[in-house]
Amino acid sequence: MTKPDSDCLLERSTAIGMYFMEHRAKLLDIAAFLDRLDRTRDDLDGYTDFRMAAFEQALRVLSDGEPERARRVLEVFSDHSTEPIDSAAGLKGAHGANPPGGATGA
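Here is a short report on the structure shown in this document. Keep in mind that what you see is a predicted model, and the values were worked out from it rather than measured.

## Things to note about helix 3 (residues 69-77)
By the burial criterion, the buried members of helix 3 are Arg-72, Val-73 and Val-76. Buried residues in helix 3, looked at end-on, bunch into an arc of 100°, giving them a common side. Residues of helix 3 that are exposed and point more than 90 degrees away from the buried face comprise Ala-70 and Leu-74. The inward-facing, buried residues of helix 3 contact helix 2 (50-62).

## With respect to the pattern of salt bridges
Counted under the stated rule, the structure contains five salt bridges. Note that Asp-64 and Arg-72 form a salt bridge whose closest N and O atoms lie 2.7 Å from each other. Assessed through its relative accessible area of 32%, Asp-64 is described here as partly exposed. Here Arg-72 falls in the buried class, since its relative accessible area comes to 18%. Between Arg-71 and Glu-75 there is a salt bridge; the shortest N-O distance is 2.9 Å. Taken together, the residues span about one helical turn, with Arg-71 and Glu-75 both in helix 3 at a distance of four residues. Residue classification places Glu-75 among the partly exposed residues on the basis of a relative accessible area of 37%. Each of Glu-68, Arg-71 and Glu-75 takes part in one network of salt bridges that share partners.

## Some thoughts on the packing of helix 1 (residues 12-38) against helix 2
Think of two packed helices as two axes; the pair is described by the angle between the axes and how far apart they sit. Taken N-terminus to C-terminus, the directions of helix 1 and helix 2 make an angle of 140°; their axes are 14 Å apart at the nearest point. The angle between helix 1 and helix 2 places the two elements in the oblique class. The two elements helix 1 and helix 2 meet at a crossing, and its hand is left-handed. Every residue of helix 2 that contacts helix 1 at Ile-30, Phe-33, Leu-34 and Leu-37 is listed here: Met-52, Phe-55 and Leu-59. Per-class residue counts for the contact of helix 1 with helix 2 are seven nonpolar, no polar and no charged.

## Considering the side chain of Arg-72
When you line up the elements, Arg-72 lands in helix 3. At 2.7 Å, the side chain of Arg-72 and the side chain of Asp-64 are in polar contact. Among the polar contacts made by the side chain of Arg-72, one reaches the main-chain carbonyl oxygen of Pro-67 at a distance of 3.0 Å. When sequence neighbours within four positions are dropped, the list of residues in contact with Arg-72 reads Val-61, Asp-64, Glu-66 and Pro-67.

## Considering the packing of helix 2 against helix 3
It is at 9 Å that the axes of helix 2 and helix 3 come closest, and there the two elements cross at 165°. Comparing their axes, helix 3 and helix 2 come out roughly antiparallel. For the pair helix 2 and helix 3, the crossing hand works out as right-handed. Residue-level inspection shows Ala-54, Phe-55, Gln-57, Ala-58, Val-61 and Leu-62 of helix 2 in contact with helix 3, the latter providing Arg-69, Arg-72, Val-73, Val-76 and Phe-77. Looking at the contact of helix 2 with helix 3, its residues break down into eight nonpolar, one polar and two charged.

Criteria and thresholds
Residues numbered from 1 in each chain as written. Predicted model: local features only at pLDDT ≥ 70, side-chain atom pairs only at ≥ 80, totals over all residues. Heavy atoms only, no water. Buried < 20%, exposed > 50% of the residue type's maximum accessible area, 1.4 Å probe, protein only. Helix = DSSP H or I, 4+ residues; strand = E, 2+ residues; numbered from the N terminus. Arc of directions from axis to C-beta. Contact = heavy atoms within 4.5 Å. Salt bridge = Lys/Arg side-chain N within 4 Å of Asp/Glu carboxyl O. Axes fitted to C-alpha atoms, helices over the stretch in contact; angles between N-to-C directions. Parallel < 35°, antiparallel > 145°, perpendicular 65-115°, else oblique. Left-handed = near helix turned anticlockwise from the far one by under 90°. Nonpolar A, V, L, I, M, F, W, Y, C, P; charged D, E, K, R; others polar. Polar contact = N/O pair within 3.5 Å; in protein donor to acceptor, adjacent residues only side chain to side chain.

Shape descriptors only; they carry no functional weight alone.
Now the structure itself:
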């Protein structure tokens, strides 16, 4: 893991003591989610759901040891299109990841 130059006065051991249990619980939630998916029946016929593809890519970012993981994970889930959509009619809310073809699915 690379360590960027920092003016942060918080010591690593203090940060671990403050935040470890909270994030341990979040990792257990992720593990439980993945276990739950493992127990489901496959109805996708070999298709990889775009949300899970983004999820798996985000997990790779988390474990690559490079800096700015939060920004890079956010970019994985973000829609990078620059053109506005004609209408939001028919969109039923957020997907949590960018579907193929952008927000409209086109």
